[in-house]
Amino acid sequence: MVPPVSAPSQSRSLAPDWLVEPDDANALAPLVWPEAATRDDEGVLVLGGIPATALRDRFGTPLWVLDEDEVRARARRTLEAFRAAAALHGVQARVYYAGKAFLSAEVVRWVTDEGLAVDVCTGGELAVALAAGADPARLGFHGNNKSVRELEAAVEAGVGSIVIDSLIEIERLAAIVDRRGLTQAVLLRVNSGVHAETHDFLATAHEDQKFGFTLTDAPAAAARIRELPGLALVGLHCHIGSQIFGTAGFEESAARIVELHAELRTGGELPVLNLGGGFGIAYTSVDDPTPIEELAVGIADAVARQCEVRGIPIPNLAFEPGRAIVGRAGVTLYEVGTTKAVEVGDDAQRLYVSVDGGMSDNPRPALYGAEFSARIASRTSDAAPALVRVVGKHCESGDIVVDAEYLPGDVTPGDLLAVPATGAYCFSLASNYNYVPRPPVVALRGGEARVIVRGETIDDLLARDAGLHHPDEGKK
């Protein structure tokens, strides 16, 4: 076994300001891990009633684990919160699950069983939702560059609403519905000029992004939609960002969007206002996400105030949470392969802990500098905490899974390591970088585990290489 590594005072200077050395490097932060996560009498992490070691033994590592009970519970709680908040003002609320967070047939069934609609943003996501049995009338279709083929598929399926993102798309969709003699409900995506910047907000008068219409350009786009008999403008859509804590940004955005809503009502009713999603979750022990009930009431109240000021009725509301539904329900299991103490400068040391996955199953730290937590899952330890950086096996110095964390200093090869809050955007963004197969996804419910997305094998990757199966292809 590798000798234990402690966390000398000079090493602590390498930790970010928010990371505090814990009294117990085995403890599970209550808002970060799935609600049912605990440790058994041997110190093994238990997820959904199943020891993590049993999951490793049966399915291998890396392994994405998703607690179905938690996903369903969060879907119900979110729907109830927004419906209740809207009802206080005499209107209705629809909640769409944002499929981009994590989409599979089983997840579609879970959230639709619990009463949620689903939003998709590509032909592939649309196909998954339909194949899983989702009601097309309860699907919303996003995307800044929907192809003619994708729009045709959406119209043919009877998708409930399509979110218009450009002038070109207006004409493209109008031509499709005209050929079929149909009418398609659409929302107009608008940039309010309010943007999430981590947990702060930036309000600007001008926009420089690929999504939607500016507040200045939106009226002309709405007028063009209303000129076309096959398109029915039913509302506005606005999304201000992701991983948002608090209601301040939504309140500022609501003021701007309701002003536009009031202006456009002079040309016809707009029964829906969709304020998007982006509600944050806890990734580390210092994150303090706003309870969904508080968010729902705060946003609905803000819309109601803005409508009252303008003397207009409150529209029905819609929201699109994804991460808030599925993020905390996910945990990724890895096996530790090597550990390495690295001298950093003249008087500091960092312990690198390498695992058998990395940026191919969780690219968020590399893409966004996202912070995560980690714990040894196969045991507990009395060793003093050591400052570690958990890294992957890929040929990139930026292949970091957890940038900074305290683990017991005796972390060693063969330990099972768990990274929580990986239910959103890890599976969705995964790749085969360095020809590493993507892991399976295992769902837990009622003490039982089952594969809901099959893991890849090396044979799967080789099967896609046409050069291996058609060696003479392209030769003269």
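Heads up: the structure comes first, above all this text.
Keep in mind it's a predicted model, so treat the numbers as computed, not measured. (Residues numbered from 1 in each chain as written. Predicted model: local features only at pLDDT ≥ 70, side-chain atom pairs only at ≥ 80, totals over all residues. Heavy atoms only, no water.)

*Asks:* Even after reading the chapter, I still don't get helix H7 (residues 167-180), so can you show me in this structure?
*Replies:* Side chains of residues three or four places apart in an α-helix project in the same direction, reflecting 3.6 residues per turn. Between its terminal C-alpha atoms H7 stretches 21 Å, which fits the 20 Å expected from 14 residues at 1.5 Å a residue. Those residues of H7 lying buried are Glu169, Ile170, Leu173, Ala174, Ile176 and Val177. Buried residues of H7, viewed axially, fall in a sector of 165 degrees; they line one side. In H7, those exposed residues whose orientation departs by more than 90 degrees from the buried face are Leu167, Ile168, Asp178 and Arg179. Turning to H7, the residues buried within the fold contact helix H6 (148-157), strand S8 (161-164), strand S9 (184-191), helix H8 (218-227) and strand S13 (231-237). In the stretch just after H7, Gly181 is the one whose phi turns positive, near 65 degrees. (Helix = DSSP H or I, 4+ residues; strand = E, 2+ residues; numbered from the N terminus. Expected span 1.5 Å × (residues − 1). Buried < 20%, exposed > 50% of the residue type's maximum accessible area, 1.4 Å probe, protein only. Arc of directions from axis to C-beta. Contact = heavy atoms within 4.5 Å.)

*Asks:* Honestly, the packing of H7 against H8 in this entry has me stumped. Any pointers?
*Replies:* When two helices pack together, you describe them by how their axes are tilted relative to each other and by the distance separating the axes. Interaxial distance between H7 and H8 falls to 10 Å at its minimum, and their mutual angle equals 10 degrees. Of the possible angle classes, the one that applies to H7 and H8 is roughly parallel. Packed against H7, whose contacting residues are Leu167, Ile170 and Glu171, the element H8 presents Ala221, Arg224 and Ile225 at the interface. Taken together, the residues of the contact of H7 with H8 sort by class into four nonpolar, no polar and two charged. (Axes fitted to C-alpha atoms, helices over the stretch in contact; angles between N-to-C directions. Parallel < 35°, antiparallel > 145°, perpendicular 65-115°, else oblique. Nonpolar A, V, L, I, M, F, W, Y, C, P; charged D, E, K, R; others polar.)

*Asks:* Looking at this structure, I do not really get the sheet that holds strand S3 (residues 50-51). What am I missing?
*Replies:* Within a beta sheet, neighbouring strands are joined by backbone hydrogen bonds and run either parallel or antiparallel to one another. If you walk across this open sheet you meet the three strands as S1-S2-S3, and the pairing is antiparallel. Looking at strand neighbours, the two that pair on one side only are strand S1 (38-39) and S3, the edges of this open sheet. Where strand S2 (residues 45-47) lies against S3, two bridges are found, and the strand directions are antiparallel. Bridge pairing in S3 places Leu47 opposite Ile50. (Pairing = 2+ DSSP bridges.)

*Asks:* When you look at the nonpolar core in this model, what are you seeing that I'm missing?
*Replies:* Note on soluble globular proteins: their nonpolar side chains tend to be buried together. If you look at the biggest cluster of nonpolar residues, it comprises 91 residues, and the most contacted ones within it are Leu66, Tyr97, Ile162, Leu173, Leu188, Leu231 and Phe279. Of all the elements, helix H10 (residues 292-310) adds the most residues to this core, at eight residues. The residues contacting Leu231, other than those within four sequence positions of it, are Ile170, Leu173, Ala174, Val177, Gln184, Val186 and Ile225. Grouped together as the second largest cluster of nonpolar side chains are 21 residues, Ile281, Ala386, Val390 and Val411 included. (Core = buried A, V, L, I, M, F, W, Y, C linked by side-chain atoms within 4.5 Å.)

*Asks:* For this particular structure, what's the right way to read unusual backbone geometry?
*Replies:* The bulk of non-glycine residues show a negative phi, and the bulk of peptide bonds are trans. At the junction of Thr61 and Pro62, the peptide bond is cis and its omega measures out at -5 degrees in the coordinates. A positive phi is found at Tyr425, a non-glycine position, where the angle reads about 70 degrees. Tyr425 sits in the buried class, given a relative accessible area of 14%. Located in the positive-phi region is Asn434, a residue other than glycine, with phi close to 60 degrees.

The values are spatial; any link to function lies outside them.
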